[in-house]
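# Reading the structure
Each chain is listed here by its residues.
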Amino acid sequence: MDTEGKLIILADAAKYDVSCSSSGSQRKNPSGIGNASLGGICHSWTADGRCVSLLKVLFSNDCIYDCAYCVNRRSVDRPRATFTPEELAVLTINFYRRNYIEGLFLSSGVYKSPNHTMECLLQTLLLLRKKYRFGGYIHTKVIPGSDPALVDAFGQYTDRMSVNIELPTEKSLTLLAPQKNKESILRPMKHLTKRIKENQLEKPTWRGRKAPLFVPAGQSTQLIVGATPEDDLTVLRLSENLYSHYNLKRVYYSAYVPVSDNPLLPALSTPPLRRENRLYQADWLLRFYRFKASELLDEKRPYFDLDLDPKTDWALRNLQFFPVEVNKASYEQLLRVPGIGVKSAKRIVVARKNNIISFELLSRLGVVIKRAQYFITCNGVFRGDKTMDKTRLRHHFLAERSKFTSYGQQLFLFES
Ligand code: SF4
């Protein structure tokens, strides 16, 4: 098979790997321009906020494992292909030279064995970095069960590495991905955490030359949502744990795409995209808004409200904390106000050193007044409707949102 034939198979096989914050579209377009369901190029964000286009491809979809939720599992009869390291390196560098891509998102099925696959991936990186002197962004997946020495070698040539957890509990892993286990996933993740920390602490060496970078964009993981019975609380607790103990940069949530009629999997007609979206919003609250998972959900209420974003939902369940006076509230209190985001909370804290904050100024600072007004006072003035209790406020916000979503299903990802 020629390289183009392999690319068609292996770019398509990679489309269920999440590297950006949305799941694959089903919209096909065989005759016109553009086709949202095709794999190939995806986008990711670097640590400084730049959006980069990446060639998203598998090294091989010839997998010896049989994870029930995966289109590439060995028991599926589908075309198989495997690049050689040279083929993939040349393909990447040629796409880069033609300005199609700025980097590479490289994953793989388990081809022959975890270590053999990692060695092939490593060869590809070495060719790219050393032979072709490619300095662009590379995000690679670690194959669970591979040798830590290979993970170490990898880390010098890649910007970000992911060890995918896929399923939130060991029980589900045993059921649906019998060749994987918690230990084979957590071991490389722990190893990466340790090595990234060591690398950050390494002092400049002789004449100020720094130690070589090791996974400078950090590590991430992916969790499939909706393939197994775990609730949102379980998923969010796991993410919280990963952020605090493994120093992860991102947890990606991937709504389960029904690709299999395996009786162990739920019979879904469409992927649970709204649930995925709520988890991304809650994840944002953990990382930037200083919320704890236990504040957002609990055993009595283990799922997110699909109609309301988690921050507004929290505010409505905790109306006793409001209204807060924007001229006096702490940064943490400001962050909890629906309509005030991280940037606007920082701007308020700076601006009020020299000004008394008014509603007009708040608006200029980026606050969404029509949402925030029910939760704040501004120099003692309250502009909301005092007669609105939790239920009426909820209806009010749902009505507001339906004005914006009546033409489609897309939700705002990061409502402040
Ligand atoms: S290891 Fe499992 S999830 Fe990964 S490609 Fe193979 S079957 Fe799919």
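This one's a predicted model, so the numbers in the text were calculated from it and none came from an experiment.

### Let's talk about empty space enclosed by the protein
- This structure, assessed with the given rule, holds three cavities of 30 Å³ or more.
- Empty space within the largest cavity amounts to approximately 560 Å³.
- As for the largest cavity, its lining consists of 33 residues, of which Asp17, Tyr69, Cys70, Glu166 and Lys180 are closest to the centre.
- Going through the elements one at a time, strand 6 (219-225) and strand 7 (250-255) are the ones with two or more residues in the lining of the largest cavity.
- Taken together, the residues that form the lining of the largest cavity break down as 19 nonpolar, eight polar and six charged.

### Notes on the pairing of strand 3 (residues 103-107)
- Of all the five residues making up strand 3, five are buried; the element is thus mostly covered by neighbouring parts of the structure.
- Burial of the side chains of strand 3 extends over both faces: Gly103, Phe105 and Ser107 are buried on one face and Leu104 and Leu106 on the other.
- For strand 2 (residues 51-58) and strand 3, the ladder comprises five bridges, and the chain directions are parallel. Residue pairing across strands places Leu55 opposite Leu104, the latter belonging to strand 3.

### Some remarks on the pattern of salt bridges
- For the structure on display, the rule yields 18 salt bridges.
- Notably, a salt bridge pairs Glu299 with Arg237, separated by 2.9 Å at the nearest N-O pair. You can see Glu299 sitting in the loop between helix 9 (293-296) and helix 10 (310-317) and its partner Arg237 sitting in helix 7 (residues 232-245), a full 62 residues away along the chain.
- Assessed through its relative accessible area of 58%, Glu299 is described here as exposed.
- Each of Asp152, Lys194, Arg195 and Glu198 takes part in salt bridges that share partners, so that together they form one network.

### Description of the pairing of strand 2
- With seven of eight residues buried, strand 2 is to be regarded as a mostly interior element.
- The parallel pair strand 2 and strand 3, bridged by helix 2 (residues 85-97), forms a crossover whose chirality is right-handed.

### Here we look at the confidence of the model for the chain
- With 88% of its residues at a pLDDT of at least 70, the chain reaches an overall mean of 87.
- Considering only residues more than four positions removed or in separate chains, one finds that residues 406-411, a stretch of pLDDT under 50, has seven contacts.

### Quick word on the nonpolar core
- Ranked by size, the top nonpolar core spans 116 residues in total, and within it Val57, Tyr69, Leu236, Tyr253, Leu296, Ile357 and Leu362 carry the most contacts.
- For this core, the leading source of residues is helix 3 (residues 114-131), giving seven residues.
- The residues contacting Leu236, other than those within four sequence positions of it, are Tyr253, Leu279, Ala282, Asp283, Leu286, Ala293, Leu296 and Phe304.

### Notes on the packing of aromatic side chains
- In the structure shown here, the tally under the stated rule is 10 aromatic pairs.
- Three or more aromatic residues joined by ring pairs form one cluster here, namely Phe291, Trp314, Phe321, Phe322, Tyr374, Phe375 and Phe397.
- Lying over the aromatic face of Phe214, Arg195 brings its terminal NZ or CZ to 4.4 Å of the ring centre.
- When the ring centre of Phe291 is taken as origin, the NZ or CZ atom of Arg336, which lies over that ring, is 3.9 Å away.

### Notes on the site of the ligand
- Taken together, Cys63, Tyr65, Cys67, Tyr69, Cys70, Arg73, Gly109, Val110 and Lys180 are the residues near the ligand.
- Across the shell around the ligand, the residue classes break down as six nonpolar, one polar and two charged.

### Thoughts on unusual backbone geometry
- A cis amide bond links Phe322 to the next residue, Pro323, at an omega of -5 degrees.
- Mapped onto the fold, Pro323 is located in the loop between helix 10 and strand 8 (324-325).
- Residues other than glycine seldom take positive phi values, yet Lys112 does so here, at roughly 70 degrees.
- Looking at the secondary structure, you find Lys112 in the loop between strand 3 and helix 3.
- Classification of Lys112 as exposed rests on a relative accessible area of 54%.
- Unusually for a residue other than glycine, Asn379 sits at a positive phi of about 55 degrees.

Criteria and thresholds
Throughout, residues of each chain are indexed from 1 in the direction in which the sequence is written. The predicted nature of this model means local features are confined to residues of pLDDT at least 70 and side-chain atom pairs, given and counted, to a pLDDT of 80 or more, with totals for whole chains, interfaces and linings taken over all residues. Side-chain measures here rest on the full set of heavy atoms in the structure, leaving out hydrogens and waters. Cavities and pockets are found on a 1 Å grid laid over the protein atoms alone: a cavity is a set of points where a 1.4 Å probe fits but cannot escape, a pocket is an open set with protein on both sides within 12 Å along at least five of seven lines, and a lining residue has an atom within 4 Å of such a point. Grid points are joined across faces, edges and corners, and a volume is the space filled by probe spheres set on the points. To qualify as a helix, a DSSP run of H or I must reach at least 4 residues; to qualify as a strand, a run of E must reach at least 2; elements of each kind are numbered from the N terminus. Classification used: nonpolar for Ala, Val, Leu, Ile, Met, Phe, Trp, Tyr, Cys and Pro, charged for Asp, Glu, Lys and Arg, polar for all others including Gly. The rule is simple: take the accessible area with a 1.4 Å probe, protein chains only, and divide by the maximum for that residue type; under 20% is buried, over 50% is exposed, in between is partly exposed. Strands pair, by our definition, only if DSSP identifies at least two bridges between them. Any Lys or Arg side-chain nitrogen located within 4 Å of an Asp or Glu carboxyl oxygen qualifies as a salt bridge. Consider the strands pointing away from the viewer: the crossover is right-handed when the path from the first strand over the helix to the second runs clockwise. Per-residue confidence from the predictor is reported as pLDDT, a score between 0 and 100. A contact between two residues is defined here by any heavy atoms of the two lying within 4.5 Å. For our purposes a nonpolar core is just a set of buried Ala, Val, Leu, Ile, Met, Phe, Trp, Tyr and Cys residues, chained together by side-chain atoms within 4.5 Å. Any Phe, Tyr or Trp ring, taking Trp's six-membered ring, that has another such ring centre within 6.5 Å forms a pair; planes under 30 degrees apart are called stacked, those over 60 apart edge-to-face, and the others tilted. Geometrically, a lysine NZ or arginine CZ counts as sitting over a ring once it is within 6 Å of the ring centre and also within 35 degrees of the ring normal. We call a residue near a molecule or strand when any one of its heavy atoms sits within 4 Å of it.

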